[in-house]
Amino acid sequence: MKKQPIARLETIANDIRKDIIKMLEHAGSGHSAGPLGLADIFTALYFDVLKHDPKNPDWADRDILLLSNGHCVPVRYAAMAHAGYFPVKELLTLRKFGSRLQGHPERTRLPGMETTSGPLGCGLSQACGMALAMRMDKQTHRWVYVVMGDGELNEGNIWEAAMLGGKYRLNNVIGIIDRNNIQIDGPTEDVMPLENLKGKWESFGWHVLEVNGNDIEAVIDACAMAKTIAEKPVMIIAHTIPGKGVDFMESDFHWHGMPPDHEQAKKALHELRTLGGKIRGEHE
Amino acid sequence: MSNLHLADLSADITAEPIRKGFGRGLLAAGKLDVNVVAACADLTDSTQMSLFKAEFPERFVEIGVAEQNLATVGAGLAAMGKIPFVSSYAAFSPGRNWEQIRTTACLNERAVKIVGSHAGVSVGPDGATHQMLEDIALMRVLPNMVVIVPGDSLEAERATMAMAKDGRPNYLRLAREATPIITTAKTPFEIGKAYVYEPGSDVTIIATGTMTYQALLAAEQLFKDGIEAEVVHVPTIKPLDADTILKSVRKTGCVVTAEEGQVIGGLGGAIAELLAENHPAPLKRIGMLDHFGESGEPNQLLEHFGLDAKHIRLAAHHVIDKKK
């Protein structure tokens, strides 16, 4: 995919956020905060970092992107639609009967969806399995990216995979933790403390990068840096603001698992259209 | 049935742990297809993956004691075109990692081959924690999953090779102790097929795994009682060979099932469901009756829990009486 200027990518991220709001309002259920916070990371991945072809989702040389915290899939659906995997108008079928856009992602329903996820903690192990298979097949030109939530790191399965990745030095695995500090029951450090998170991953044999996950250019740079680390797998701790771009949702854990109603969606869309009041809305 | 090339039970019969056949089958499948790979959760010798590991070290992954990771790494390997066999004791896989198998293999349609060894009370002294009895039920309830319970080591070898060519998630149940070898190299095995090992017209005995040998012994004893029992060996519990089973029951009119596991959700459960909807008939289920095992010698436990030819024979008389 042709490299695009950062300003253009920021516009795409904003479009993705608007679609997330529209999808969730239309669906009447789903998660708001995580997908909004991840919009910049998914823009960076689908419009710069990943080697992929929306017209040929099964391309044998593609990079693989796994979304381990499946409840954040609206951001992936929106990014995929804007990248050309399917029509943008299909986004409004999210969570509806017969839709390819299931409430939690299902691989077998949507080309380009690399795995089925929802129950937490399973993505990193699958990434490790994929990386092991790539090593057996001597494929050194492909990477496996896996996006995880921070609350998801409560799962034991994650740490089983962390040990395996460190043991086998799976240098073609690049993990991205959405460090937004919230989960359903409250702040992560209240529910189940994760810190020292960087130290945890380092002690498991991972090279850790920390980045502002709402800075598209920084995310792109971090992924480029990650690909140069040859001796270890890499974990990028991406600090994001949950609900990013919608003032009344930002950093409020109540928005983790809640969709906006009609009035809230209107307010959110207005804010996104005006970039928080910086420009005039398109219909004003 | 002569075309099944079964072993001669009247001669001195040899016995071998069923898991040994898996080890040989995996090695053979690995030689036939470079995409066959294996992963184990710290039980490589016990589950007999050691043969494969020695021959193909670069295609073997040691996962450590981490069964959730075992299943999901398997799903990742399968996603890249590998044919992953992942093994542990059945109590731990699929005992501990059921949701991972459900989501990342079955719903995700990735053909992970789950191999659970040391199933049944015949594990013996290790006790109830390690005697897996609920695995058949756990795996049978999952859409897309195939459940295979071989009756001896030779059948396990053929089943393993068939699994390598099957595009679905599979569960293979293995036992620890030596089990009499009732088949020969020429005995057929096909996933999804049940086989009439002994023809008869008075009662159908449907057995799987280690209990098929016991069913054949029971049929011999019943013959002396003047009863001709038909023994149907069911190595594939899902998908169930309804045609072969119903054909037998329509002829005999009564049924005994026999398995070394919980009858609830197990072979007994599967047969009860099949008969209730298609051909209700008197039924007695031999197996674990909603309780756990305990420590002891294998034969002592099998007798204690009624998992032997003697109890199958008594059950046969019981269902024949109910026919009248």
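Keep in mind it's a predicted model, so treat the numbers as computed, not measured.

### Description of the overall build of chain A
Piece 1. A tally of regular secondary structure across chain A gives 9 helices and 7 strands.
Piece 2. Since a compact globule built from 284 residues should have a radius of gyration of about 19 Å, the 18 Å found for chain A is in line with a globular shape.
Piece 3. Its C-alpha atoms give chain A principal-axis dimensions of roughly 55 × 45 × 35 Å.
Piece 4. Scored against the burial criterion, the 284 residues of chain A give a buried share of 51%.
Piece 5. For chain A, restricting intrachain contacts to residue pairs at least 6 apart in sequence, the fraction spanning at least 24 positions comes to 75%.

### Some points on the overall build of chain B
Piece 1. A tally of regular secondary structure across chain B gives 11 helices and 14 strands.
Piece 2. Scaling as 2.2 N^0.38, a compact globule of 324 residues should have a C-alpha radius of gyration of about 20 Å, and chain B matches this with 19 Å.
Piece 3. Expressed as lengths along the three principal axes of its C-alpha atoms, the size of chain B is roughly 60 × 40 × 40 Å.

### Some remarks on the sheet that holds strand β7 (residues 170-173) of chain B
Residues and elements named next belong to chain B.
Piece 1. Spatially, the 7 strands line up as an open sheet ordered β3-β2-β4-β5-β7-β6-β12, and their pairing is mixed. On the outer flanks of this sheet lie β3 (60-62) and β12 (236-238), each paired with one strand and no other. Taken over all neighbouring pairs, the strand axes of this sheet differ in orientation by 20° on average, direction set aside.
Piece 2. Summarising the sheet, strand β4 (residues 83-89) and strand β5 (residues 113-117) pair through 5 bridges and their orientation is parallel. Counted as the bridge partner of S87 is V115 from β5.
Piece 3. Where helix α6 (residues 153-164) meets the sheet, its contacts fall on β2 (36-40), β4, β5, β6 (146-148) and β7, and the angle it forms with β7 comes to roughly 170°.

### Side note on the interface of chain B and chain A
Piece 1. Each partner contributes residues to the interface: chain B has 25 residues there, and chain A has 24 residues.
Piece 2. Contributing elements (two or more residues each) for the side of chain B that touches chain A: α3 (67-79) and α4 (98-107) of chain B.
Piece 3. For the side of chain B that touches chain A, the element with the most residues is α3 of chain B, which contributes 9 residues.
Piece 4. A breakdown of the residues in the side of chain B that touches chain A according to their chemical character gives 10 nonpolar, 10 polar and 5 charged.

### Examining helix α11 (residues 309-323) of chain B
Piece 1. When the terminal C-alpha atoms of α11 of chain B are compared, their 21 Å separation across 15 residues agrees well with the 21 Å that a helix rising 1.5 Å per residue should span.
Piece 2. Among the structural elements, β10 (203-207), α7 (211-224), β11 (229-233), β13 (255-262) and β14 (283-288) of chain B are those in contact with the buried residues of α11 of chain B.

### Remarks on the domain arrangement of chain B
Residues and elements named next belong to chain B.
Piece 1. Segmenting chain B into domains produces domain 1 (16-180) and domain 2 (195-323).
Piece 2. For domain 1 and domain 2, the distance between their C-alpha centroids amounts to 25 Å.
Piece 3. Every contact between the two is made by 30 residues of domain 1 and, on the other side, 32 residues of domain 2.
Piece 4. Elements with a contribution of two residues or more to the side of domain 1 that touches domain 2: α5 (135-140), β6, α6 and β8 (178-180).
Piece 5. For the side of domain 1 that touches domain 2, the element with the most residues is α5, which contributes 4 residues.
Piece 6. A breakdown of the residues in the side of domain 1 that touches domain 2 according to their chemical character gives 17 nonpolar, 7 polar and 6 charged.

### Remarks on the confidence of the model for chain B
Keep in mind that low pLDDT regions are not for reading the predicted coordinates in detail.
Piece 1. Looking at chain B as a whole, its pLDDT mean stands at 97, while 99% of the residues score no less than 70.
Piece 2. Reported confidences for the modelled complex are a pTM of 0.96 and an ipTM of 0.95.

### Observations concerning unusual backbone geometry
Piece 1. Here the residue pair E195 of chain A and N196 of chain A is connected by a cis peptide bond, since its omega of 5° sits within 30 degrees of zero.
Piece 2. Its location among the elements puts N196 of chain A in the loop between α6 (188-191) and α7 (197-203).
Piece 3. Across the junction of K238 of chain B and P239 of chain B, the peptide omega takes the value -5°, indicating a cis bond.
Piece 4. Considering the arrangement of structural elements, one finds P239 of chain B in the loop between β12 and α8 (242-252).
Piece 5. In this model, R169 of chain A sits at a positive phi of 50°, which is unusual for a non-glycine residue.

### As for the nonpolar core
Piece 1. Ranked by internal contacts, the top residues of the largest apolar core, which has 192 residues, are I236 of chain A together with I205 and A316 of chain B.
Piece 2. Considering every element that reaches this core, the biggest residue donor is helix α2 (residues 33-49) of chain A, with 11 residues.
Piece 3. A domain-level breakdown of this core finds at least three residues from each of domain 1 (16-180) and domain 2 (195-323) of chain B.
Piece 4. Once residues within four sequence positions are removed from consideration, I205 of chain B is found in contact with A215, A218, A219, A229, E230, V231, V256, A258, I312 and A316 of chain B.

### Quick word on the pairing of strand β1 (residues 64-67) of chain A
A regular strand places its side chains so that they alternate between the two faces of the sheet.
All names here are of chain A.
Piece 1. Side chains of β1 alternate between two faces, with I64 and L66 and L65 and L67 buried alike.
Piece 2. Where β1 lies against strand β2 (residues 144-149), 4 bridges are found, and the strand directions are parallel. Each bridged residue has a counterpart across the sheet, and for L65 the counterpart in β2 is Y145.

The rules we used
Numbering of residues begins from 1 in every chain and follows the order in which that chain's sequence is written. Following the order in which they are written, the chains are lettered starting with A and the ligands numbered starting with 1. At least 70 in pLDDT is required for a residue's local features to be given in this predicted model, at least 80 for side-chain atom pairs to be given and counted, and no such filter applies to totals for whole chains, interfaces and linings, which use all residues. Each helix is a run of DSSP H or I of at least 4 residues and each strand a run of E of at least 2, with the numbering of both proceeding from the N terminus. Radius of gyration here uses only the C-alpha atoms, and the compact-globule reference equals 2.2 Å multiplied by the residue count raised to the power 0.38. Partly exposed residues are those whose C-beta has more than 12 but fewer than 20 other C-beta atoms within 10 Å; 20 or more makes a residue buried and 12 or fewer makes it exposed, with C-beta atoms placed from the backbone. A residue pair is marked as a contact if its C-beta atoms, positioned from the backbone, fall within 7 Å. In this scheme, strands are said to pair when DSSP sees at least two bridges between them. Axis lines are fitted to C-alpha atoms, over the contacting stretch for helices. Their N-to-C directions set the angle, which ranges from 0 to 180 degrees. Note that Gly is not counted as nonpolar here; it falls among the polar residues with everything else outside the nonpolar set of Ala, Val, Leu, Ile, Met, Phe, Trp, Tyr, Cys and Pro and the charged set of Asp, Glu, Lys and Arg. To estimate the expected span of a helix, count its residues, drop one, and scale the result by 1.5 Å. Domain delimitation follows an automatic or database domain assignment. As a per-residue quantity, pLDDT reports the predictor's confidence and falls between 0 and 100. Among buried residues, those of type Ala, Val, Leu, Ile, Met, Phe, Trp, Tyr and Cys that are joined through C-beta atoms within 7 Å form a set called a nonpolar core.

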